[in-house]
Amino acid sequence: MLKPAAIRDVIARCVPQLAQKIVERSMKVLPFNVNVMDARGIIIASGNPQRIGDLHSGAQMVLARQEAVEIDTAAASSLPGAKAGINLPLYGRGEICGVIGITGNPEETRQYGELLRITAEMMIEQALLTGELQRERRYREEFVFQLLKRSGVSAESMSAWAARLGVDLTQARVVTLLRLESTRAEPDHQLLNLQRAQNELIARWNNLLTAVISPRELALLEAFDTGGTQAECLQRAQKRLAEIDRIVAHSIELDYSLTAGIALPGLDGASASYQSAKTTLSVARSRGSTRSTASFYEYPLPVLLADLDLDLPAAHGRELTSIFFGGGTPSLFSARALGRLLDGVN
């Protein structure tokens, strides 16, 4: 929930953007001129463009009294620049954010005033809700980006961030990577394709955590059941990849691939899953696969060995004294596969 000061700030930004739209829509059905004034009483939108920027006496009276004000022809003659009409306060989240006025004889305009005010306030509320949803979405996307890239945000801050979003970091999660294959398309066109796919996915699963990682990569982060055998994990991963593929297929014009990494818990587990998703694609291509989807659970050993090669520079010159297997991966391997993995480590 936004605090009152933040609400006032949002309203102050959204009303000027909406003001002319409110005027245009109103004047399509009303035979009178309509003005919208800001919280200072200055006309910011009008059916008479020449009045924009003028101080509106009736609006200032509304703001001072915090109630509707009618001005007849006699009263208008004594107020500088005023015209006869009715002026009503506009509210957003309980705060007066401006004034809406209808120019004309109050006896004729009064019947339209309340309806116009309600319509305008509904448009303001819709804009506020849209803004809140967009901010929440950006907040969630930045969390995923930082979780996968780990670009300087502390583990404590990431854990608190996860708690605010209701993300249980003790649960195994998998990163699915949507990667555009074309390198010839303009970056703007690539990004547009990713954003369309992202919008389709969030429209289908509104709690899905996603982030555009680069102009060619969209990452999805979601819980994954690691129970059972490797074949069962592979079946679940392939089923999920097929579901995602069906959603994005009609929204992307460029060739793309979908790869799912290993499912792991914790802060480091998410970034490791992201890396394994990228490696899975490389391994699948090196083995001649032409399918657009692939999962870590199809190539667990080759992917792990390839990831070890990537980490080799960090271990250069250091003595290897122990190896820890965790995260559920050992239960997927036979004794022979573990032996091959240890040979690869050596």
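Residues numbered from 1 in each chain as written. Predicted model: local features only at pLDDT ≥ 70, side-chain atom pairs only at ≥ 80, totals over all residues. Heavy atoms only, no water.

Student: Help me understand the overall build of the protein chain, please; the structure alone is not making it clear to me.
Tutor: Of regular secondary structure, the protein chain possesses ten helices and ten strands. In the protein chain, the proportion of contacts linking residues at least 24 apart, taken out of those at least 6 apart, comes to 60%. By element, 52% of the accessible surface of the protein chain is carried by carbon and sulfur atoms, the whole surface being about 18400 Å². (Helix = DSSP H or I, 4+ residues; strand = E, 2+ residues; numbered from the N terminus. Contact = heavy atoms within 4.5 Å. Areas by Shrake-Rupley, 256 points an atom, 1.4 Å probe, with all protein chains shown as cover.)

Student: Can you help me understand the packing of helix 6 (residues 187-204) against helix 7 (residues 230-248) in this one?
Tutor: A pair of packed helices is characterised by two quantities: the angle between their axes and the separation of those axes. The geometry of helix 6 relative to helix 7 is characterised by a closest axis approach of 9 Å and an angle of 120° between their N-to-C directions. Looking at the two axes, helix 6 sits oblique to helix 7. Seen along the crossing, helix 6 lies across helix 7 with a hand that is right-handed. In this structure, helix 6 contributes Ala 197, Glu 200, Leu 201 and Arg 204 to the contact, and helix 7 contributes Ile 244, Ile 247 and Val 248. Residues of the contact of helix 6 with helix 7, tallied by class, amount to five nonpolar, no polar and two charged. (Axes fitted to C-alpha atoms, helices over the stretch in contact; angles between N-to-C directions. Parallel < 35°, antiparallel > 145°, perpendicular 65-115°, else oblique. Left-handed = near helix turned anticlockwise from the far one by under 90°. Nonpolar A, V, L, I, M, F, W, Y, C, P; charged D, E, K, R; others polar.)

Student: Quick question: what am I supposed to make of the sheet that holds strand 7 (residues 209-214) here?
Tutor: Hydrogen bonds along the backbone pair up the strands of a sheet, which may run parallel or antiparallel. Within the open sheet, the five strands sit side by side as 7-8-6-9-10. Their pairing is mixed. Taken across any chain shown, the strands that pair with only one partner, and hence form the sheet edges, are strand 7 and strand 10 (293-295). On average, adjacent strands in this sheet sit at an angle of 20° to one another, irrespective of strand direction. Across five bridges, the pairing between strand 7 and strand 8 (residues 217-223) is antiparallel. The residue of strand 8 that forms the bridge with Ala 211 is Ala 219. Sheet contacts for helix 4 (residues 106-149): strand 6 (173-180), strand 7 and strand 8; angle to strand 7, the most-contacted strand, approximately 60°. Sheet contacts for helix 7: strand 6, strand 8, strand 9 (256-260) and strand 10; angle to strand 9, the most-contacted strand, approximately 150°. (Pairing = 2+ DSSP bridges.)

Student: I tried to follow the packing of aromatic side chains on my own but got confused; where do I start?
Tutor: The tally for this structure, following the rule as stated, stands at five aromatic pairs. Taking 5.6 Å as the distance between ring centres and 40° as the angle between the ring planes, the aromatic pair formed by Tyr 139 and Trp 161 counts as tilted. Taken as a pair, Tyr 139 in helix 4 and Trp 161 in helix 5 (residues 155-165) lie far apart in primary sequence, 22 residues in all. For Tyr 139, a relative accessible area of 28% gives the class partly exposed. Looking at Trp 161, the relative accessible area reads 11%, which means it is buried. (Phe/Tyr/Trp six-rings, centres within 6.5 Å; stacked < 30°, edge-to-face > 60°. Buried < 20%, exposed > 50% of the residue type's maximum accessible area, 1.4 Å probe, protein only.)

Student: Sorry, what's going on with the nonpolar core here?
Tutor: Grouped together as the largest cluster of nonpolar side chains are 36 residues, with contacts concentrated most on Leu 178, Leu 201, Leu 218, Val 248, Ile 252 and Tyr 297. When contributions to this core are tallied by element, the ones reaching two or more residues are strand 6, helix 6, strand 8, helix 7, strand 9 and helix 8 (267-286). Once you skip the residues sitting within four places of it in the chain, Val 248 turns out to touch Leu 178, Ala 197, Leu 201 and Tyr 256. (Core = buried A, V, L, I, M, F, W, Y, C linked by side-chain atoms within 4.5 Å.)

Student: For this particular structure, what's the right way to read the sheet that holds strand 5 (residues 95-103)?
Tutor: With respect to topology, five strands assemble into an open sheet ordered 2-1-5-4-3, the strand pairing being antiparallel. Edge strands, defined here as strands with exactly one partner in the open sheet, are strand 2 (43-46) and strand 3 (69-71). Averaged over all adjacent pairs, the angle separating strand axes in this sheet is 25°, with direction ignored. Alignment of strand 3 against strand 4 (residues 85-92), held across three bridges, turns out to be antiparallel. Residue pairing across strands places Ile 71 opposite Gly 85, the latter belonging to strand 4. Of the strands in this sheet, strand 1 (34-37), strand 3, strand 4 and strand 5 touch helix 2 (residues 57-65), which is tilted by about 150° from strand 3. Helix-sheet contacts for helix 4 involve strand 1, strand 3, strand 4 and strand 5, and the interaxial angle to strand 4 is about 15°.

Student: How do you make sense of the pairing of strand 6 when you look at a structure like this?
Tutor: In summary, the side chains of a regular strand alternate between the two faces of the sheet. Counting buried positions along strand 6 yields seven of eight residues, so the element is predominantly enclosed. Bridge count between strand 6 and strand 9: five bridges; the pairing is antiparallel. Residue Leu 177 lies in a different strand from strand 9, and its bridge partner there is Thr 259.

Student: What should I look at first to understand the pattern of salt bridges in this one?
Tutor: Side chains bearing opposite charge may pair, as long as their charged atoms lie close to each other. Applying the stated rule across the entire model yields 14 salt bridges. The partner of Asp 38 in a salt bridge is Arg 40, with the nearest N and O atoms 2.8 Å apart. Here Arg 40 falls in the exposed class, since its relative accessible area comes to 58%. Among the ionic pairs, Arg 93 bridges to Glu 125, the shortest N-O distance being 3.0 Å. Linking Arg 93 in the loop between strand 4 and strand 5 with Glu 125 in helix 4, this pair joins segments that are 32 residues apart in sequence. By relative accessible area, which is 30% here, Arg 93 ends up partly exposed. A network of salt bridges, in which partner residues are shared, links Glu 70, Glu 107 and Arg 110. (Salt bridge = Lys/Arg side-chain N within 4 Å of Asp/Glu carboxyl O.)

Student: Whenever I open this one, helix 2 confuses me. Can you help?
Tutor: Helical geometry note: an α-helix holds 3.6 residues per turn, so side chains three or four residues apart project in the same direction. Restricting attention to buried positions, one finds in helix 2 the residues Ser 57, Gly 58, Ala 59 and Val 62. The secondary structure elements touched by the buried residues of helix 2 are strand 1, strand 3, strand 4 and strand 5.

Student: Looking at this model, I keep getting lost on helix 7. Mind explaining?
Tutor: For helix 7, which comprises 19 residues, the first-to-last C-alpha distance of 27 Å matches the rise-based estimate of 27 Å (1.5 Å per residue) to within 8%. Of the surrounding secondary structure, the elements contacted by the buried residues of helix 7 are strand 6, helix 6, strand 8, strand 9 and strand 10. (Expected span 1.5 Å × (residues − 1).)

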